[in-house]
Amino acid sequence: TLAKAFDAEPKLGEIRARGGIYEELFDTAFRLEGLNRHSSLHAAGVVIGKEVLSHYVPLFVDPKTGSVATQYPMTQIENCGLVKMDFLGLKTLTLIKHTIELIHKHTPDFDINKIDEHDKKTFDMLDKGDSKCVFQFESDGMANILKREKPSTIEELVALNALYRPGPMQYIDQYIDSKLGKRAIEYPDPCLEDILKETYGVIVYQEQVMKVAQVIAGYTLGQADILRRIMGKKKVYELAEQLVKFKAGAVKN
């Protein structure tokens, strides 16, 4: 900050003390510090409300493009009674569309909605880590995990995709070793077996977090959803409050 800079470097104070344009420069800088430099738009975020959005939040019109945006950031939108959805434009969808068009030239009745989800050739390909251009599985790290885990079902692919991100990534080895029988499947508590059996004892999905909160701490579905959102948004202070509530519920049960 400017205040720290002035504390650390006495020469700045001497320059400011010269008055005139120097004093004006630093006084302006102090007033501008911490303000937003410019308005920015989320690349895919669309805000949805029951009524005209201006009934909920102030809006901004970009003079260059004419696009309309909320003046509040996404963290405050929900509290205003609005929903934010991310609509992503993916090159993968175009690739699939073109592939279908090519297939139709020799197999006119091909229907992508009726393809075999257990196709052995497809899983053999993925098990070898040959996953370039496959959405969410194209990185070298993910290809390596595919080779180690050797998935054989859609459910396993979904689980690997959910695990390969900051946070749950630390449980990938446990998931793979348990699946391959190199490690005994462990449950945090025996009563959670039904919830975590599909993912070999590892909590992978937000829905599992909600069910665990219900079974262990007696949360209602609504309370469990609030916990899920706090975890997803990494709100540390609110999470600490939830921990007290969770422990109390667990002891009671």
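Going by the structure above, here's the rest.
Reading guide: rules and limits
Residues numbered from 1 in each chain as written. Predicted model: local features only at pLDDT ≥ 70, side-chain atom pairs only at ≥ 80, totals over all residues. Heavy atoms only, no water. Axes fitted to C-alpha atoms, helices over the stretch in contact; angles between N-to-C directions. Helix = DSSP H or I, 4+ residues; strand = E, 2+ residues; numbered from the N terminus. Parallel < 35°, antiparallel > 145°, perpendicular 65-115°, else oblique. Left-handed = near helix turned anticlockwise from the far one by under 90°. Contact = heavy atoms within 4.5 Å. Buried < 20%, exposed > 50% of the residue type's maximum accessible area, 1.4 Å probe, protein only. Core = buried A, V, L, I, M, F, W, Y, C linked by side-chain atoms within 4.5 Å. Salt bridge = Lys/Arg side-chain N within 4 Å of Asp/Glu carboxyl O.

Draft legend 1. Molecular detail of the packing of helix α12 (residues 221–232) against helix α13 (residues 236–252). Contact pair α12 / α13: the axes reach a minimum separation of 9 Å and the direction vectors enclose 140 degrees. As the angle between them shows, α12 and α13 are arranged oblique. When the axes of α12 and α13 are compared, the crossing they make is left-handed. Packed against α12, whose contacting residues are Gln223, Ile226, Leu227, Ile230 and Met231, the element α13 presents Glu238, Leu239, Gln242 and Lys245 at the interface.

Draft legend 2. The side chain of Ser178, seen in detail. Mapping Ser178 onto the fold places it in helix α9 (residues 172–179). Of the residues examined, Ser178 reaches a relative accessible area of 6% and is grouped as buried. Other than its neighbours up to four places away in sequence, Ser178 contacts Arg183, Ala184, Ile185 and Tyr200.

Draft legend 3. Quick look at the nonpolar core. Ranked by size, the top nonpolar core spans 18 residues in total, and within it Leu146, Leu157, Leu163, Tyr175 and Val204 carry the most contacts. Looking at this core, the elements with two or more residues in it are α6 (120–127), α7 (140–149), α8 (154–163) and α9. Among the elements that take part in this core, α8 stands out by supplying five residues, more than any other. In this view, Leu157 contacts Phe123, Leu126, Phe137, Leu146 and Pro151; residues no more than four positions away in its chain are not counted. Counting residues in each nonpolar core, the second largest holds seven residues, with Met210, Ala213, Ala224 and Leu227 among its members.

Draft legend 4. Highlighting the pattern of salt bridges. The tally for this structure, following the rule as stated, stands at twelve salt bridges. Taking the shortest distance from any N to any O, the salt bridge between Arg148 and Asp173 comes out at 2.7 Å. Of this pair, Arg148 sits in helix α7 while Asp173 sits in helix α9, and the two are 25 residues apart along the sequence. Here Asp173 falls in the partly exposed class, since its relative accessible area comes to 43%. Sharing partners across several salt bridges, the network here consists of Glu78, Asp225, Arg228 and Arg229.

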